[in-house]
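Structure assessment
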Amino acid sequence: MIESSAAPQWINSLMETMGAPGAGLAIALENLFPPLPSEVILPLAGFAAGTGQMSLWAALLWTTAGSVVGALALYGVGALLGRDRTVAIAAKLPLVKVSDIERTEAWFAKHGAKAVLFGRMIPIFRSLISVPAGIERMSIPVFLGLTTLGSAVWNTLFVLAGYLLGDNWEEVTGYVSVYSKVVLVVAGLAVVAFVGMRVLKKKKGKGARKQAQHAGPRRTRG
């Protein structure tokens, strides 16, 4: 029986009832709802493997399968949303221009494969990266291959950490918590910088128009 104060009870129950498939189901849900703690689920699965509740290979395979299923569901959301709806939504947002979407599309067309692969190893973004992949209709075999590889690396790291640390597996959550906070701070600063630059640009544009209106057309004396 798994006993952990760090993991929500429903995660403990899934693993106790279903074993490795329960860990996979928990990770699939974590992909769909990013606030769920993958940094808790994965080490806990490793700890459970260390106690003999499931095999280590089963824990690795099922958690990776769960990651891929969850990512594929979000890919489907992006594909259903589509480019036209995304542009329409973006056009209604303050400080966001259609040109921003077009630049993002161009960037994803060039770096999409790397974004999907390495995005699977970044908290929060590891789930969200599947949505633009769906919007841009990335080849499904390519998407699945990159997602599987990136998820396997991330999951193996944390499952093995829980397996090797044993009763001290909860130490992993502290390190990941710091990593997650750094990522969120960097993302927050990037958003603030984007908004600040857009506001400043808009103010400069208004100032230039006012000066032009104030100056008016020059008259020539005959």
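A separate point is the overall build of the protein chain. Check the secondary structure of the protein chain and you find 9 helices and 0 strands. In sequence order, the protein chain lays out its α and β elements as α-α-α-α-α-α-α-α-α. Across the protein chain, contacts joining residues at least 24 apart in sequence account for 74% of those joining residues at least 6 apart. Summed over its atoms, the accessible surface of the protein chain is roughly 13100 Å², and 68% of this surface lies on carbon and sulfur atoms.

Take the packing of helix H2 (residues 20-32) against helix H3 (residues 38-50) next. Contact geometry for H2 and H3: axes closest at 10 Å, N-to-C directions at 165°. With respect to their mutual orientation, H2 and H3 come out roughly antiparallel. For the pair H2 and H3, the crossing hand works out as left-handed. On the side of H2, the interface is formed by Ala23, Ala26, Ile27 and Glu30, while H3 contributes Ser38, Ile41, Leu42 and Ala45.

A separate point is the confidence of the model for the protein chain. Considering every residue of the protein chain, the mean pLDDT works out to 75; 62% of them sit at 70 or more. Between the elements of the protein chain, mean pLDDT differs from a low of 58, seen in helix H9 (residues 171-215), to a high of 90, seen in helix H8 (residues 140-165).

Quick look at the packing of aromatic side chains now. Here the structure, examined in full by the defined rule, presents 2 aromatic pairs. Between Tyr75 and Phe143, the ring centres sit 4.8 Å apart and the planes meet at 40°, which makes this aromatic pair tilted. With a gap of 68 residues between them, Tyr75 in helix H4 (residues 56-92) and Phe143 in helix H8 connect regions that are remote in the sequence. Phe143 gets classed as buried once you look at its relative accessible area, which sits at 0%. Ring plane angle 50° and centroid distance 4.6 Å describe the contact between Trp154 and Phe158, whose orientation is recorded as tilted. Separated by 4 residues within a single helix, Trp154 and Phe158 lie in helix H8, roughly one turn from each other. Considered together, Trp154 and Phe158 belong to a single accessibility category, that of buried residues.

Definitions and cut-offs
For every chain, the first residue of the written sequence is number 1, and numbering continues from 1 onward in sequence order. Local features in a predicted model are, by the rule used here, given only for residues with pLDDT of at least 70; side-chain atom pairs are given and counted only at 80 or more, and totals for whole chains, interfaces and linings are based on all residues. Neither water nor hydrogens contribute to the side-chain values; these are computed over all heavy atoms in the structure. To qualify as a helix, a DSSP run of H or I must reach at least 4 residues; to qualify as a strand, a run of E must reach at least 2; elements of each kind are numbered from the N terminus. What makes two residues a contact is simply this: any of their non-hydrogen atoms within 4.5 Å. Where accessible areas are quoted, they stem from the Shrake-Rupley method and a 1.4 Å probe; at the residue level, only the protein chains shown are allowed to cover. A fitted line through C-alpha atoms represents every axis, and for helices the fit uses only the stretch in contact; the resulting angles, taken between N-to-C directions, go from 0 to 180 degrees. When describing relative orientation, an angle under 35 degrees is termed roughly parallel and one over 145 degrees roughly antiparallel, while 65 to 115 degrees is termed roughly perpendicular and anything else oblique. For a crossing to be left-handed, the near helix must be turned anticlockwise from the far one by less than a right angle; the clockwise case is right-handed. Each residue carries a pLDDT score, the predictor's own confidence in it, on a scale running from 0 to 100. In this analysis, rings of Phe, Tyr and Trp, with Trp reduced to its six-membered ring, are considered paired at centre separations within 6.5 Å, and the interplanar angle assigns stacked below 30 degrees, edge-to-face beyond 60, and tilted for intermediate values. Only protein chains enter the calculation, and the probe is 1.4 Å; a residue is then buried if its accessible area is under 20% of its type maximum, exposed if over 50%, and partly exposed in between.

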